[in-house]
Amino acid sequence: MTGKITEAGFGDLTSYNGMPRLSSLALSPDGARLVAVVSELSPDGKAWQGALWEVDPAGERPARRLTRGAKGEGAPAFTPDGGLLFVSARPDQEAAPADGKQKDKAALWLLPPTGEARELYRPAGGVAEFAVAREAGTVLLAAGAHPGVGFGEQDEELRKAREDAGVTAILHESYPIRYWDADLGPGFPRLLTTTTPVGVDSPRLDRAADLVDLTPGAAARLDDSPAISPDGRWVVHTERVEVSASYGSRVRLRLSAADGSSSRVLADREGHSFLQPVFLPDSSGVVAVRAFDSTPDEPWTNTLVRIPLDGDVVDLAADFPEEPDHPVVSPDGSALYFTSSHRGHQPIWKLDLASGEVVKLTASGAYTDVRVSPDGASVYALRSAWDHPPRPVRLSASDVDQEAVALPAPGAVESLPGTVTEIETAVADGRTVRAWLVLPTGASADRPAPLLLWVHGGPVMSWSGWSWRWNPWLMAARGYAVLLPDPALSTGYGYDFVRAGWGSWGAKPYTDLMEITDVAVGRDDIDESRTAAMGGSFGGYMANWIATRTDRFKAIVTHASLWHLDAFTGTTDDSYYWIREMGDPLVQDERVRANSPHLRVADVRTPVLVIHGDKDYRVPIGEGQRLYFDLVRHGVPAKFLYFPSENHWILTPGNSKVWYETIFAFLAEHVLGEEWVRPDLV
């Protein structure tokens, strides 16, 4: 498979769905092997299926495929002796027939440098995630189990008893009860450590002899991935602390001995949460993100901290003006690498832990999965941008504002159906609002393109890199220009830029969007008479708000959108986070009412396409149902594209194709003036 992506592929949704998609980078302990997950369409075309591919860190050899499991593989990580661990629900050909009841659960697998992959452990609740102690080789596992019973046999017996009795009920004694698209419970993550190193010669793990349960009776989700120290002695994980009925909970860090002999709180601070812990190379402490928990007056902010196992929390780069994320410590412990939004990009930053100096390593693009070579000389990552999907790259660990060296891998882009540029404008309060503008091939003063305004979700995020779900090149291939703005609340422009829209979504975020749209339609290659607005999640909220405020657009597409903010407050999966911004609607109803678009439905004149998934717990389906009903009863031309099996996103290939086809048809009718053509399969 060459996996080359060409301009023509964006004009056909079947070809687009077949494009390789890269994620999850892993680097071997000696720095000689780089592995990524490459997802392609399954043989039946109904899912994207991951496989492990090896990429040459030197960039000299082509990538080669390592696995071909029918159920797919993911989450690669190396053991100290060069074994490659991964998670897969693929069947184990060596399993005894009695293991059949667990056949569909995710298991931990090991692929040695030579030979076939073999299953190491398949718990009844499946393996959710794992981490490897870089020096000791022991493994930390997260696997689900029911609270109040022992991990393993007791949990399996309870699962069987519930199944035999036809019981699906879940009794909750804490909040939250759902998360994104998953019901929490009846099982919750247990943290387990292996008693011996795992490597290329390891046999199948035995629950009783080989694993220690560090969190017996756990009855809460993990807010971030747990970490195991390089020497294998310690585990750090998050846990929630209930605060009050109005505040909810904060997240603290707990330190546990890997052998289960001790456990204590490592970091806890009122009004803050600790997330994303990673150990220092000498196992003496961790680096983490400390987040200020937002209030109706102030948005959340991130700060990097160092937490010695035997000392106090120390701030790192306290004056850094953006939101640091995903810290990675260099192998010698001298530097910290992290990412953060920055003016439409997501650079890699390097913090010198001795001097406190912070430098930006990358000039452009959005980076994830940062990995540092053992000698500290190179950094590997996945890089994306609006002109290229994620691909593995190599960088110098010290050069500033450099362009990454792309490594051979599937999914390279050879051509696109247009170009991308940037525009910006100064707004009344002195801020500069900027945006990406994707222009279709051939757009000119003689052939101005219709414009689609796309508003990002979040809302505290930005349009900083490639999106498979909201891909502007599919629109460019059909002749549209796409505007991707970062209004107030967007990251990458400083703390005050977020504060400008905090708790007032319908104010400056809206005016920012209108003003940057004015700049776009003022170009001679854009047709001001043919425009539409689209968005998902917060972007869907803004699409709804736009519909109540102006009729300048010919069509509105609103996906997974907020509509009735009072109702939303109590039904979203994370109500406390919402209350910390908008306030309690029973106590501070003026802010909710000022920002709730449902109160202005009588002002909507623009045709609206409503899209929602039933498994969306972040913005529950009731928002879409109420929106559609309100539009219909007020005589607004509207359609409702409903996905009973999808969540906040549309994740299956067939439904994703229908999603785009319906939007194409809706826009063609209202923006291009063509006759409505109903997609074939809906």
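See the structure shown above.
Quick summary incoming for the structure in this document.

How each quantity is defined
Residues numbered from 1 in each chain as written. Predicted model: local features only at pLDDT ≥ 70, side-chain atom pairs only at ≥ 80, totals over all residues. Heavy atoms only, no water. Helix = DSSP H or I, 4+ residues; strand = E, 2+ residues; numbered from the N terminus. Pairing = 2+ DSSP bridges. Axes fitted to C-alpha atoms, helices over the stretch in contact; angles between N-to-C directions. Contact = heavy atoms within 4.5 Å. 1 Å grid on protein atoms, 1.4 Å probe; cavity = no way out; pocket = protein on both sides within 12 Å on 5 of 7 lines; lining within 4 Å. Points joined across faces, edges and corners; volume = space filled by probe spheres on them. Nonpolar A, V, L, I, M, F, W, Y, C, P; charged D, E, K, R; others polar.

1. Here we look at unusual backbone geometry
Residue Pro186 is reached from Gly185 by a cis peptide bond, and omega for that bond is 0°. Summarising the element assignment, Pro186 is placed in the loop between β12 (182-183) and β13 (188-194). Looking along the chain, the bond that leaves Gly458 and enters Pro459 is cis, with omega of 5°. Inspection of the secondary structure assignment puts Pro459 in the loop between β33 (449-455) and α4 (472-476).

2. Examining the sheet that holds strand β4 (residues 64-65)
With antiparallel pairing, 4 strands are arranged side by side in an open sheet as β1-β2-β3-β4. Either end of the sheet is taken by a strand with one partner, and the two such strands are β1 (21-27) and β4. For strand β2 (residues 34-41) and strand β3 (residues 48-55), the ladder comprises 8 bridges, and the chain directions are antiparallel. Bridging across to β3, Ala36 finds its partner in Trp53.

3. Observations regarding the sheet that holds strand β32 (residues 432-440)
Read across the open sheet, the 8 strands follow the order β31-β32-β34-β33-β35-β36-β37-β38; overall the sheet is mixed. In this open sheet, the two strands that pair with only one neighbour each are β31 (418-426) and β38 (638-643). Each strand of the sheet is rotated relative to its neighbour by a mean of 20°, with strand direction disregarded. Bridge count for strand β37 (residues 608-613) against β38 is 6 bridges, and the pairing is parallel. Across the sheet, the residue bridging to Val608 is Ala638, located in β38. Against the sheet, helix α7 (residues 538-549) makes contact with β33, β35 (526-536) and β36 (555-559), and its axis sits at roughly 130° relative to β35, the strand it touches most. Helix α12 (residues 653-670) contacts β33, β35, β36, β37 and β38 of the sheet and is inclined by roughly 160° relative to β36.

4. What about the environment of Pro389?
Here Pro389 shows up in strand β29 (residues 388-396). In sequence terms Pro389 and Leu452 are 63 residues apart; their C-alpha atoms lie 21 Å from each other. Setting aside chain neighbours within four positions, we find Pro389 in contact with Ile5, Arg383, Ser384, Gly411, Val413, Trp466 and Trp468.

5. What to know about empty space enclosed by the protein
Gaps left between atoms are located by rolling a probe of water-molecule size over the structure's atoms. Across all of its chains, the model carries 2 cavities of 30 Å³ or more by this definition. If you add up the space inside the largest cavity, you get close to 50 Å³. What lines the largest cavity is Pro321, Glu322, Glu323, Ser340, Ser341, Ser490, Thr491, Gly492, Tyr493, Gly494, Tyr495 and Val498. Looking at the lining of the largest cavity, its residues break down into 4 nonpolar, 6 polar and 2 charged. The computed volume of the second largest cavity comes to approximately 30 Å³. In terms of lining, the second largest cavity is formed by Asn544, Ala547, Ile556, Trp563, Val604, Val608, Leu627 and Leu631. For the lining of the second largest cavity, the per-class residue count stands at 7 nonpolar, 1 polar and no charged.

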